[in-house]
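Residue-level structure breakdown
Residues per chain, in single letters:
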Amino acid sequence: MKFDTKVIHAGIDPDPATGAIMTPIFQTSTYVQRTPGDHDGYEYARTQNPTRSVLETNLAALENGSAAVCFGSGLAAMDAVLKLLNPGDEILATDDLYGGSYRLITKIYERFGLKVQFIDMSDPSAVAEKITEHTKLLWIETPTNPMLKLVDIEAICKVAKEKGVRTCVDNTFASPYLQTPLDLGADLVLHSATKYLGGHSDVVLGAVVAKTQELADQLYFIQNASGAVPGPQDCFLVLRGIKTLHLRVERACKNAKKIAKYLVMHPKVANVYWPGFKDHPGYEIAKKQMRHFGGMVSFDMLEDTMEVANKVLSSTVLFSLAESLGGVESLIGHPATMTHASIPRPERLKVGLTDSLIRLSVGIEDVDDLLEDLEQAFANL
Ligand SMILES: *Cc1c(COP(=O)(O)O)cnc(C)c1O
């Protein structure tokens, strides 16, 4: 089955009881047994829920995995992956990591004896040198946030496999429509379904897709034992969002391309970060492993001050000032004071995260209206 058919049909059958074409929301905590142990595979809703099972089957198909396991948020999904490790194990993680992922590893799991190094993954051989006998997990994010750096998934996973280290790719920014890391050698794929999969900024949910059933079974055990399951209504909303994933991401990428090209020509803009530019250091990797270059664009201003950034951020009308990404509506954000405020300024500047850096999550509106919105915001300066 092709991707555009999978989003609508994979794992989704009419309800056998009624013929309902849409997956019912099984809003129940328990299931009645005929005699003790005599039931239809459903005992208690932390352990199994039919709405959640359909979403898990669908996500496994989209990422070409054996099985998926869903959680109450993207970070709850990451929490489950980290629970596969033991005290003393070491993680190597992409240095330009999602802030919440950074916080979970350093503020929670370091207390429980996990060790972590944040490294530049642009050079696979440099990654190989960092792997020791204690290294048990490579945590890969690509494209990164907000600098939109690229990691060569296939090359890094090859290095990891040679050394017997497990790999997990956070695929939130790309979505399975743009890239499928399991096909490139990864063991696990993580999603904050809150973003492109849900796609309508109305739900928080997370998922992990495993290459092998064995790994999925370990995650199912953790899902049931730790209990961070999503509610059935939220699973339904993500299933509904996924049905248009290909159309939304296709359009967001098309809009982002036009916006990136507009920004790069603008006299008040300094740098534009978008992997579709030929001089972007990750251009060749993006072309190799992604279908399009994504719906995220970052840029900074020639007059690099917080004041100038603030003026732009408070002047846009269609671009709403908010955290998050991947919804149908366009969002604008200021990493230095919002998502990356906890990083000391000198550290920020070193990676190019300047005071005036602005991040756009480009939505699926008419791109001419979006361009006009940016133009009037710049005219205000
Ligand atoms: C939002 C996000 C997460 C966390 O997901 P939640 O659903 O907010 O818990 C993890 N990784 C990336 C790249 C994200 O953008």
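Residues numbered from 1 in each chain as written. Predicted model: local features only at pLDDT ≥ 70, side-chain atom pairs only at ≥ 80, totals over all residues. Heavy atoms only, no water.

**A word on the site of the ligand**
As a reminder of what qualifies: We call a residue near a molecule or strand whenever a single non-hydrogen atom of that residue lies within 4 Å of it. A 3.5 Å cut-off defines polar contacts: any pair of N or O atoms within that distance qualifies, except that in protein one atom must be a possible hydrogen donor and the other a possible acceptor, and neighbouring residues in sequence count only when both atoms are side-chain atoms. What sets the accessible areas is the Shrake-Rupley method with a 1.4 Å probe; for residues, cover comes only from the shown protein chains. Only Asp, Glu, Lys and Arg are considered charged, only Ala, Val, Leu, Ile, Met, Phe, Trp, Tyr, Cys and Pro nonpolar, and every remaining residue, Gly among them, polar.
In the region of the ligand, 13 residues are neighbours, and Gly74, Asp170, Ser192, Thr194 and Lys195 sit closest. Here a nitrogen atom of the ligand and a side-chain polar atom of Asp170 are 2.7 Å apart. Here an oxygen atom of the ligand and a side-chain polar atom of Thr194 are 2.7 Å apart. The fraction of the free accessible surface of the ligand (380 Å²) that becomes covered by protein chains is 92%. Grouping the amino acids of the shell around the ligand by side-chain chemistry returns five nonpolar, five polar and three charged.

**Digging into the side chain of Arg348**
Selection criterion: Helix and strand assignments follow DSSP, with helices taken as H or I runs no shorter than four residues and strands as E runs no shorter than two, numbered in order from the N terminus. Exposed residues in this analysis have more than 50% of their type's maximum accessible area, buried residues have under 20%, and partly exposed residues fall in between, with area computed by a 1.4 Å probe over protein chains only. Pairs of residues are marked as contacts when any of their non-hydrogen atoms sit within 4.5 Å.
Locating Arg348 in the fold gives a position in helix H13 (residues 345-350). Relative accessible area serves as the criterion here: at 4%, Arg348 is assigned to the buried category. When neighbours within four sequence positions are excluded, Arg348 is seen to be in contact with Met306, Ala336, His340, Ile343, Leu353, Thr354 and Asp355.

**Considering the sheet that holds strand E11 (residues 331-333)**
Note the following rule: In this description, strands pair whenever DSSP reports at least two bridges between them.
Read from one edge to the other, the open sheet built from five strands follows the order E8-E9-E12-E11-E10, with strand pairing classed as mixed. Both edges of this open sheet fall to strand E8 (269-273) and strand E10 (320-321), since each of them pairs with a single strand only.

**Topic: the nonpolar core**
To keep things clear, this is the line we draw: Residue types Ala, Val, Leu, Ile, Met, Phe, Trp, Tyr and Cys, when buried and joined through side-chain atoms within 4.5 Å, form a set referred to as a nonpolar core. Start and end points for every domain follow an automatic or database-based domain assignment.
With 55 residues, the main nonpolar core has Leu55, Leu59, Met121, Leu138, Val238, Ile242 and Leu245 as its most contacted residues. There are two domains that each give this core at least three residues, and those are domain 1 (3-242) and domain 2 (246-379). Not counting chain neighbours up to four residues away, the residues in contact with Val238 comprise Leu55, Ala193, Leu197, Gly198, Val203 and Leu205. Listed in part, the 30 residues of the second largest apolar core include Val69, Phe71, Ala76 and Leu215.

**Quick look at the sheet that holds strand E4 (residues 135-141)**
Here is the rule we go by: Axes, fitted as lines to C-alpha atoms, cover a helix only where it is in contact. Angles between the N-to-C directions of the axes lie from 0 to 180 degrees.
Read across the open sheet, the seven strands follow the order E1-E7-E6-E5-E4-E2-E3; overall the sheet is mixed. Looking at which strands have only one partner, the edges of the open sheet turn out to be strand E1 (67-71) and strand E3 (115-119). Here the strands of the sheet are splayed against their neighbours by 20 degrees on average, with no regard to which way each runs. The pairing of strand E2 (residues 90-94) with E4 spans four bridges and is classified as parallel. Across the sheet, residue Glu90 finds its bridge partner in E4, namely Thr135. Sheet strands in contact with helix H2 (residues 50-62) are E1 and strand E7 (206-210), and its direction is about 130 degrees off that of E1.

**Observations concerning a positive patch on the surface**
Stated formally: Patch criteria: residues need more than 30% relative accessible area and no salt bridge. Like-charged residues are merged within 9 Å; nonpolar side chains of Val, Leu, Ile, Met, Phe, Trp and Tyr are merged within 5 Å. When a carboxyl oxygen of Asp or Glu lies within 4 Å of a side-chain nitrogen of Lys or Arg, that pair is called a salt bridge. Only four residue types enter the charge count, namely Lys and Arg as positive and Asp and Glu as negative; His and the chain termini do not. Charge placement uses NZ in Lys and CZ in Arg. For Asp and Glu, CG and CD serve respectively.
Residues Lys257, Lys261, Lys278 and Lys287 make up a contiguous surface patch of positive charge. Structurally, Lys287 is set in helix H11 (residues 283-289).

**Remarks on the side chain of Asn58**
The residue Asn58 is located in helix H2 in this model. For Asn58, the residues in contact, after removing those within four places along its chain, are Lys6, Val7, Ala10, Ile12, Leu239 and Ile242.

**Re H2**
Basically, it comes down to this: Here, expected helix span is obtained from the residue count minus one, scaled by 1.5 Å.
Across its 13 residues, H2 extends 19 Å between first and last C-alpha, which sits within 8% of the 18 Å expected from 1.5 Å per residue. Judged by how many residues are buried, H2 sits mostly within the fold: ten of 13 residues are covered. Residues of H2 that are buried include every one of Pro50, Thr51, Arg52, Val54, Leu55, Glu56, Asn58, Leu59, Ala60 and Leu62, and no others. Next to the buried residues of H2 lie helix H1 (3-9), E1, helix H7 (175-178), E7, helix H8 (213-226) and helix H9 (232-242). Of the residues that open H2, the one with a side-chain oxygen 2.9 Å from the backbone nitrogen of Thr51 is Asn49. Positive phi shows up at Asn64, right after H2, with a value of about 55 degrees.

**Observations regarding the domain arrangement of the protein chain**
As a measure of interface size, the accessible area lost when the parts come together is often cited. Basically, it comes down to this: Note on terms: buried area is the combined drop in 1.4 Å-probe accessible area of two parts once they are placed together, counting the loss on both.
Domain boundaries assigned for the protein chain yield domain 1 (3-242) and domain 2 (246-379). Computed over C-alpha atoms, the centres of domain 1 and domain 2 are 26 Å apart. Listed by partner, the interface residues are 33 residues for domain 1 and 35 residues for domain 2. For the domain 1 face of the interface with domain 2, the top three residues by lost area are Met147, Tyr177 and Tyr196, together amounting to 26%. Summed over the shared surface of domain 1 and domain 2, the number is one salt bridge. In this structure, the salt-bridge partner of Lys288 is Asp152, at a minimum N-O distance of 2.7 Å. On the surface where domain 1 and domain 2 come into contact, there are 15 residue pairs in polar contact (both at pLDDT 80 or more). Of all the elements in the fold, those that place two or more residues in the side of domain 1 that touches domain 2 are H1, helix H6 (153-162), H7 and H9. Counted by class, the side of domain 1 that touches domain 2 contains 18 nonpolar, ten polar and five charged residues.

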